[in-house]
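A structural walkthrough
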Amino acid sequence: MRFEIVGGGAIGLLYGARLALAGYPVTIWTRTRKQAELLSDEGIELVAGGTIHTIDVSASPITECSRPVERTSEHKVLLITVKQPQLTAVLLEYIRLIAEEGDIVVGLQNGVGHIESIQHSLPGRIVLAGVTTEGALRHGLRTVEHTGEGVLSIGEYRSTSLTEASGDELLSQSDRMIRESRQKMLMNALSKAGIAIELSNEMNNRVYQKLLVNAVINPLTALFDVRNGELVHHPARLSLMKALHEETLSVLTASGMDDDGTSWDRLLQVCDRTSGNISSMLSDVRAGRLTEIEWINGGVCRLADDAGVNASLNRSVMHMVQAMFKS
Ligand code: KPL
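Residues numbered from 1 in each chain as written. Predicted model: local features only at pLDDT ≥ 70, side-chain atom pairs only at ≥ 80, totals over all residues. Heavy atoms only, no water.

**A short note on the pairing of strand S4 (residues 51-55)**
Using the following cut-off: Should DSSP find at least two bridges between two strands, the strands are regarded as paired. Put simply, DSSP marks the helices as runs of H or I at least four residues long and the strands as runs of E at least two long, and each gets a number from the N terminus on.
As judged from the 5 bridges shared by strand S3 (residues 44-48) and S4, these two strands associate in the antiparallel manner. Bridged to Ile-44 within S4 is Ile-55. Between S3 and the antiparallel strand that follows it, S4, lie 2 residues; Gly-49 among them carries a positive phi value of about 55°.

**Concerning the sheet that holds strand S9 (residues 135-139)**
The criterion, for reference: Lines are fitted to the C-alpha atoms to define the axes, a helix being fitted only along its stretch in contact, and any angle between axes, read from their N-to-C directions, falls within 0 to 180 degrees.
Read from one edge to the other, the open sheet built from 4 strands follows the order S4-S3-S10-S9, with strand pairing classed as mixed. At either margin of the open sheet sits one strand with a lone partner, and together these are S4 and S9. Strand-to-strand twist in this sheet, taken as the mean axis angle between neighbours without regard to direction, amounts to 25°.

**Let's talk about the domain arrangement of the chain**
Condition: All the domain ranges listed were derived from an automatic or database domain assignment. By definition in these notes, contact holds between two residues if any of their heavy atoms fall within 4.5 Å. A 1.4 Å probe defines the accessible area here, and the buried area is the portion of it lost by two parts on being joined, summed over both. What counts as a salt bridge is simple: a side-chain nitrogen of Lys or Arg found within 4 Å of a carboxyl oxygen of Asp or Glu. Identification of polar contacts relies on pairs of N or O atoms within 3.5 Å, with a donor-acceptor requirement for protein atoms, meaning one able to donate a hydrogen and the other able to accept it, and with residues adjacent in sequence counted only if both atoms are side-chain atoms. When residues are grouped by polarity, Ala, Val, Leu, Ile, Met, Phe, Trp, Tyr, Cys and Pro land in nonpolar, Asp, Glu, Lys and Arg in charged, and all others, Gly among them, in polar.
When cut into domains, the chain gives domain 1 (2-199) and domain 2 (203-322). Placing a centre on the C-alpha atoms of domain 1 and another on those of domain 2 gives a separation of 25 Å. Tallying the contact residues gives 19 residues for domain 1 and 21 residues for domain 2. Roughly 1800 Å² of surface becomes buried between domain 1 and domain 2 when both sides are summed, with 58% attributable to carbon and sulfur atoms. One can count 2 salt bridges joining domain 1 with domain 2. Linking domain 1 with domain 2 are 7 residue pairs in polar contact (both at pLDDT 80 or more), by the criterion used here. Contributing elements (two or more residues each) for the side of domain 1 that touches domain 2: strand S8 (126-132) and strand S11 (152-155). Looking at the side of domain 1 that touches domain 2, the element that brings in the most residues is S8, giving 4 residues. A breakdown of the residues in the side of domain 1 that touches domain 2 according to their chemical character gives 6 nonpolar, 9 polar and 4 charged.

**Considerations on the site of the ligand**
Counted only if it meets this: Each residue is tested against the molecule or strand, and it is near if at least one of its non-hydrogen atoms lies within 4 Å.
Every residue lining the ligand is accounted for by Asn-110, Lys-210, Asn-214, Ile-217, Asn-218, Asn-228, Val-270, Asn-277, Ser-279 and Ser-280. For the ligand, an oxygen atom lies 3.1 Å from a polar atom in the side chain of Asn-214. Here Ser-280 contributes a side-chain N or O atom positioned 2.5 Å from an oxygen atom of the ligand.

**Let's talk about empty space enclosed by the protein**
Here is the rule we go by: With a 1 Å grid spanning the protein atoms alone, the term cavity applies to any set of points in which a 1.4 Å probe fits but cannot get out, the term pocket to an open set with protein on both sides within 12 Å along at least five of seven lines, and the term lining residue to any residue with an atom within 4 Å of a point. Grid points are joined across faces, edges and corners, and a volume is the space filled by probe spheres set on the points.
In total, this model carries 2 cavities of 30 Å³ or more according to the counting rule given. Roughly 50 Å³ of volume is contained in the largest cavity. In terms of lining residues, the largest cavity is bounded by Gly-107, Gln-109, Asn-110, Gly-111, His-114, Ala-129, Gly-130, Val-131, Val-207, Lys-210 and Leu-211. A class-by-class count of the residues in the lining of the largest cavity yields 4 nonpolar, 6 polar and 1 charged. Taken together, domain 1 (2-199) and domain 2 (203-322) each give at least three residues to the lining of the largest cavity, which thus spans both. Its volume calculated, the second largest cavity comes out at about 40 Å³. Forming the boundary of the second largest cavity are Gln-209, Leu-212, Val-213, His-245, Ser-263, Arg-266 and Leu-267. Looking at the lining of the second largest cavity, the elements that each hand over two or more residues are helix H6 (203-224) and helix H8 (263-273).

**Concerning the nonpolar core**
Note the following rule: Within this scheme, the nonpolar core is defined by two criteria: the residues are buried Ala, Val, Leu, Ile, Met, Phe, Trp, Tyr or Cys, and they are joined through side-chain atoms within 4.5 Å. The cut-offs for exposure are 20% and 50% of the maximum accessible area for each residue type, with area from a 1.4 Å probe on protein chains only; residues under the lower value are buried, those over the upper are exposed, and the others partly exposed.
Counting residues in each nonpolar core, the largest one holds 44 residues, and the members touching the most others are Val-6, Ile-95 and Tyr-208. Of the residues that make up this core, three or more belong to each of domain 1 (2-199) and domain 2 (203-322).

**Some thoughts on the sheet that holds S8**
Here 8 strands make up an open sheet; going across it, the order is S5-S2-S1-S6-S7-S8-S11-S12 and the pairing mixed. Two strands bound the open sheet, and with one partner strand each, they are strand S5 (58-61) and strand S12 (197-199). Across the sheet, the axes of successive neighbouring strands diverge by a mean angle of 20°, strand direction being ignored. Of the strand pairs in this sheet, strand S1 (residues 2-6) and strand S2 (residues 26-30) are connected by 4 bridges, and their pairing is parallel. Bridged to Glu-4 within S2 is Thr-27.

Pasting the structure below:
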C-alpha cells in the first residue's frame, strides 16, 4: 500500500512523516515547487515528544502531475489534507490523475460539501470521510510539530443531498467485500504507523459533531481576534457561543445528527484543551488568506435551507467574517 498525500500543511506532513517512518512509500503533493524541492532534498522534520526525526519522502508540485501517475499493482491511498478553499475543480482534476479506480481517497477537510465534490469528481474510487482531532503545527515548509494526541476517524459518508448520491448503494456484494478488505488494510497501515484510528460507521455524525465545534469556535475567534480559550472568559462572547451552538445544534439534528445532550460540554472541553491555539480561521484571517467560512457556517446555512429551519445567526457570522476582507 502506498500513500499519496495531497497538501503539505501540518496534517499532511504529520501523517506523511508517520507513514514513511513505518516504511510505507509516501509522496507529498504540494502547491509550490519550493516546498516540494525542500521536502525531497531534506525530508520532513517531525518534532514529537521532545525528539526530532528527519524522514525521507518523495514530493512533487501537484501542477506537475500532467499525466496519470505510473500504474502499479500496489493499492494507493490518497489523503486529501488541503483546506476547503484549495479543493477547487482544478485541484480535483489533478487528483483524478493520481487516483485510479478502486483506490481509496480520504477527504479530511473541515465543514461540509467536500465529500460530495470528491465523490462527484472521482467516480469509481472508494471515497471516505476523515475527521481528525490530532494537534499539529507547521513551522516553515518542512517542519511539523505534533502538539496534541488525537484520533483519526474514517468511514463512509452518506451524502445528505438527493442529487449527490454516490452510487455506493448499487455496489455488488463482491465489490462491497473488496471495498471492506481495502478499508481494513488501510486501518492496519495507519495503526502500524502509530496513528490512533477508528473505523466509523457513523461518519455523518462525526462530521457534524466537528462542524458544530468549528461553527462556533472558528468564526467567533476570527471576529474577536482571540485564542480558543479566551472565548469563554468573556460573558458577552460566552452568550454568543451559546446562541450559535443552540442554532447550529438544531440545524444539525434536523439534518440527521444524533443529539446525545453532551455537545455543549464537548465544545467547552475543546476550548479548554486547545485554549492556547489560534483557530485555523483566525490564522487565515491574520494571514489574509481565504477562510473556510463558506463550508463551515455557510455549510450550516445550506443544511438549514434543505431542512427548512432557521440559521440566521450562522448567516450573520458568515457575512461578518466575509466582510473582514476588502473584496
Ligand atoms: O479545528 C479547529 C480549528 O481551529 O479549525 C479547532 C478545534 C477549533 C481547534 O483550533
